[in-house]
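Residue-level structural notes
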Amino acid sequence: MSTLVSAVEAAFVRQDLPTLESGDTVRVHAKVVEGSKERIQVFEGIVIAMRGAGLNKAFTVRRLAQNIGVERTFLLNSPRIDKIEVMKHAVTHRKNLYFLRGLTGKAARLKERRR
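Brief notes about the side chain of His89
Within the element layout of this structure, His89 appears in the segment after β5 (81-88). Residue classification places His89 among the buried positions, given a relative accessible area of 17%.

Quick notes on the pairing of strand β1 (residues 25-34)
In terms of strand pairing, β1 meets strand β2 (residues 37-51) through ten bridges, oriented antiparallel. In the strand pairing of β2, Thr25 is matched with Ile46. Turn length for the β1-β2 hairpin, with the two strands adjacent in sequence and antiparallel, is two residues, and the turn residue Gly35 shows positive phi of about 70°. Of the strand pairs in this sheet, β1 and β5 are connected by six bridges, and their pairing is antiparallel. Considered in β5, the bridge of Arg27 is made with Glu85.

Examining the pattern of salt bridges
Counted under the stated rule, the structure contains eight salt bridges. Its salt-bridge partner being Asp16, residue Arg14 comes within 3.2 Å of it at the nearest N-O pair. Its salt-bridge partner being Glu44, residue Arg27 comes within 3.0 Å of it at the nearest N-O pair. In this pair, Arg27 sits in strand β1 while Glu44 sits in strand β2, placing the two residues 17 residues apart along the sequence. Taken together, the shared-partner salt bridges in this structure form one network comprising Arg62, Glu71 and Arg101.

So, the pairing of strand β4 (residues 68-75)
Where strand β3 (residues 58-65) meets β4, eight bridges bridge the pair, whose relative direction is antiparallel. Opposite Leu64, over in β4, you have Gly69 as the bridge partner. Between β3 and β4, which pair antiparallel one after the other, the connecting turn spans two residues, and Gln66 there sits at a positive phi close to 55°.

Re the environment of Leu75
Assignment of secondary structure puts Leu75 in strand β4. Between the C-alpha atom of Leu75 and that of Ala58, which follows or precedes it by 17 residues, the distance is 4.3 Å. Contacts of Leu75, omitting those with residues within four sequence positions, involve Asn56, Lys57, Ala58 and Ile81.

Regarding the nonpolar core
Residues Leu20, Val26, Val28, Phe59, Val61, Phe74 and Ile84 are the most contacted members of the largest nonpolar core, which totals 14 residues. Elements represented by at least two residues in this core include exactly β1, β2, β3 and β5. The residues touching Ile84, leaving out its near neighbours within four places in the chain, are Leu17, Pro18, Leu20, Val26, Arg27, Val28, Phe59 and Leu76. The next biggest cluster of nonpolar side chains, apart from the first, holds five residues, and it includes Ile48, Ala49, Leu97 and Leu100.

The rules behind each value
- Along each chain, residues carry numbers from 1 onward, in the same order as the chain's sequence is written.
- Side-chain atom pairs in this predicted model are given and counted only at pLDDT of 80 or more, local residue features only at pLDDT of at least 70, and totals for whole chains, interfaces and linings cover all residues.
- Excluding hydrogens and water, the side-chain figures rest on all heavy atoms present in the structure.
- Helix and strand definitions follow DSSP, with helices as H or I runs of at least four residues and strands as E runs of at least two, each counted in order from the N terminus.
- In this scheme, a residue with accessible area under 20% of its type's maximum is buried, one over 50% is exposed, and one in between is partly exposed, where area comes from a 1.4 Å probe on protein chains only.
- Pairing between two strands requires that DSSP report at least two bridges joining them.
- For salt bridges, the criterion is a side-chain nitrogen of Lys or Arg within 4 Å of an Asp or Glu carboxyl oxygen.
- A contact between two residues is defined here by any heavy atoms of the two lying within 4.5 Å.
- We call a set of buried Ala, Val, Leu, Ile, Met, Phe, Trp, Tyr and Cys residues a nonpolar core when their side-chain atoms join them within 4.5 Å.

Following this line, the structure appears as structure tokens:
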């Protein structure tokens, strides 16, 4: 039964997206529908959480907008995501970076990892 589900899900898993990790600074180009029009909205921030696997894989991106933290969760394989650009990679020692919620300014910076 699970192999049948895996075979069906495999047709919907996207291969054109980069590999993401917690701590990466990303720019997500998401399609937004407003009335009858559709446009691309760019959301740039730090990946603070990754959850799920396969078709249900999701990631949470956090950014500061006018000193207010804004978080948005995206499904990785969603057709609503046009593209994902990885801007920077950071050194992290944990999977979920929820501690960034309590930090602002310089304290919220992560050390960049050279690749």
